[in-house]
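# A look at the structure
Below, each chain spelled out in residue letters.
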Amino acid sequence: MQSLEIKQTVGLIACCECGVAIEPNPANMCSGCLRSRVDITEGIQRSCTIYMCKFCDRYFVPPSAWMRAELESKELLSICLKKLKPMLTKVRLTDACFVWTEAHSKRIKVKITIQKEVFTNTILQQAVVVEFTVHSQLCDDCRRAEAKDFWRACVQVRQRAEFKKTLFYLEQLLLKHSAHKECTGVKPVPTGIDFFFAKQQEARKFVDFLMTVLPCKYHYAQELVSHDTKNNTYDYKHTFCVEIVPICRDNIVCLPKKQAQQYGNMSQIVLCLRVSNVITLIDPNNLQLVDVQATNFWREPFDSLCGPKQLTEFYVLDVEPIDNFERKAGHGYISKKHELADVWLVRSDQVGMSDAQSLSARTHLGHLLSPGDLVMAFDMKNCNVNNATFDAMSVDNVPDAIIVRKVFDRSRRSAKRQWKLKRLVVDGNIVGNETASVADEFQGFMEDIEEDALMREKINIYKDAEKAVAVDGDDDDAHPEAPSLAEMLDDLKFDDEEMKEETADADEGAEPMQEE
């Protein structure tokens, strides 16, 4: 027998409002009439407002949070739906999506689909488009940064020294590594620089950078600003005081006898060759080098006998190179860039006088000096030094003079210099009081850069376009270790002259629009 298939059909009824044939439902009404009588979107605003910070492009999430979100992203959709959440308590949200708008229109449209039971066992679904207007409002972090005088943490960099060469070196390191990009403010003071930060973590990161590039130590302190007794919260301002070693390049220091023996039986009177992440000292009597770590210095600190201001200009009478110098057992690393020589000196203002007093000195600059040169040296024989370690030394161990550096013609040297250094600029002003003395110290720092290739490796030097053509003349004033063109970087500049010319040509060729 063949099976008979029974097909069931649903009978249609007429809508009680418009008479259209519909399938039976509890309301006995078609969907159009049902929407006309019942509006489930009532109470949902068609326009809302959201706030975005114009500096960091973050959106405000009530009550006090700020979230970063891209256009038409799920993060931005969640922010918009949270704004509508109080209006959706009596309906069920089934779908939400963005409606395309122009990116610069400051308008965001979201299409939401909601459901609601209107009659017994009758669920009505409806879609509605909500338009969000984006208003600009500064977030808390950007508002504090724009206030300029706001700071949560301060790093005070200090160096108790007459010259600022170490601070100039720090400035170049900051520019190379962009370690100051999180600073909200920079304030120069007579003995250093103050750096201000909006967060304590940023200040700690900056202090860690300083500890790796310079021999220094720091102290931490905090100040209570406010205290909320209801929720037991405290608001502090944090201060980090970073102290750099008070030793600069070209300083003459006097080491304690025990400390000099630990460094490889060096002489007690040595010269500071450079200050980087360590203090490099050189013994002019035997070319011995030693690197003093920051921890060792602060454990057994030593003072400088004189700085660049106490140096005297001397005239070189004679130079005798020393070959095959025999050193004591247990000596340390020997410099291969310098040469030992015995030099006879006389004060430059006493040259040609019958009663001129000549001095003898052993120096590490034998490869640079020749009779007739001028040098800057410290007269140890006629000096008045207030130092307990120096006073305890035997007179036989004190040399007549310590030669620090050779004197070059600064004007000719500056004219032939084909490179330059960038400066730390904050709010259009160079950090530091650009007085005549500070400018003179910066020129001295540039001369140190020319003479020290190891320091140039850690900073950026740039080609000077104004001095691209070399000046004719002899190179008597050029240092043997002067930077080469291979070490210089091209200074990137954006020149918009061609673009301006093209824009002007386009404006001339454009026809004016006529109003209809």
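Residues numbered from 1 in each chain as written. Predicted model: local features only at pLDDT ≥ 70, side-chain atom pairs only at ≥ 80, totals over all residues. Heavy atoms only, no water.

Within an unreviewed UniProt entry, the label attached to the protein chain reads 60S ribosomal export protein NMD3, and the organism entered is Caenorhabditis latens. As its UniProt record puts it under Sequence similarities (unreviewed entry), the protein chain is described as follows: "Belongs to the NMD3 family." Turning to the protein chain, the UniProt record has this under Function (unreviewed entry): "Acts as an adapter for the XPO1/CRM1-mediated export of the 60S ribosomal subunit." (UniProt positions renumbered as here; feature names shortened; annotations may be inferred.)

Another point: the environment of Leu 76. Of note, Leu 76 is situated in helix α2 (residues 74-84). Considered as a pair, Leu 76 and Phe 98 are 22 residues apart in the sequence and their alpha carbons are 9.9 Å apart. (Helix = DSSP H or I, 4+ residues; strand = E, 2+ residues; numbered from the N terminus.)

Another point: the sheet that holds strand β17 (residues 288-292). Spatially, the six strands line up as an open sheet ordered β18-β14-β15-β16-β17-β20, and their pairing is antiparallel. The open sheet has two edge strands with one neighbour each: β18 (304-306) and β20 (333-334). Bridge analysis of β17 against β20 gives two bridges, and the strand direction is antiparallel. Note on β20: the bridge partner recorded for Leu 289 is Tyr 333. (Pairing = 2+ DSSP bridges.)

Position of Thr 166 among the secondary structure elements: in helix α4 (residues 165-177). By relative accessible area, which is 4% here, Thr 166 ends up buried. A polar contact is formed between the side chain of Thr 166 and the side chain of Gln 159, at a distance of 3.2 Å. Excluding residues that lie within four positions of it along the chain, Thr 166 makes contacts with Gln 159, Leu 214, Ile 244, Ile 247, Cys 248 and Val 275. (Buried < 20%, exposed > 50% of the residue type's maximum accessible area, 1.4 Å probe, protein only. Polar contact = N/O pair within 3.5 Å; in protein donor to acceptor, adjacent residues only side chain to side chain. Contact = heavy atoms within 4.5 Å.)

The set of residues buried in α2 consists of Leu 76, Leu 77, Ile 79, Cys 80 and Leu 84. With its buried residues spanning 160° around the axis, α2 presents them on a single face. Of the exposed residues in α2, those oriented more than 90 degrees away from the buried face are Lys 74 and Lys 82. Along its buried surface, α2 packs onto β3 (47-52), β4 (58-61), β5 (65-68), β6 (92-99), β7 (107-119) and β8 (122-136). (Arc of directions from axis to C-beta.)

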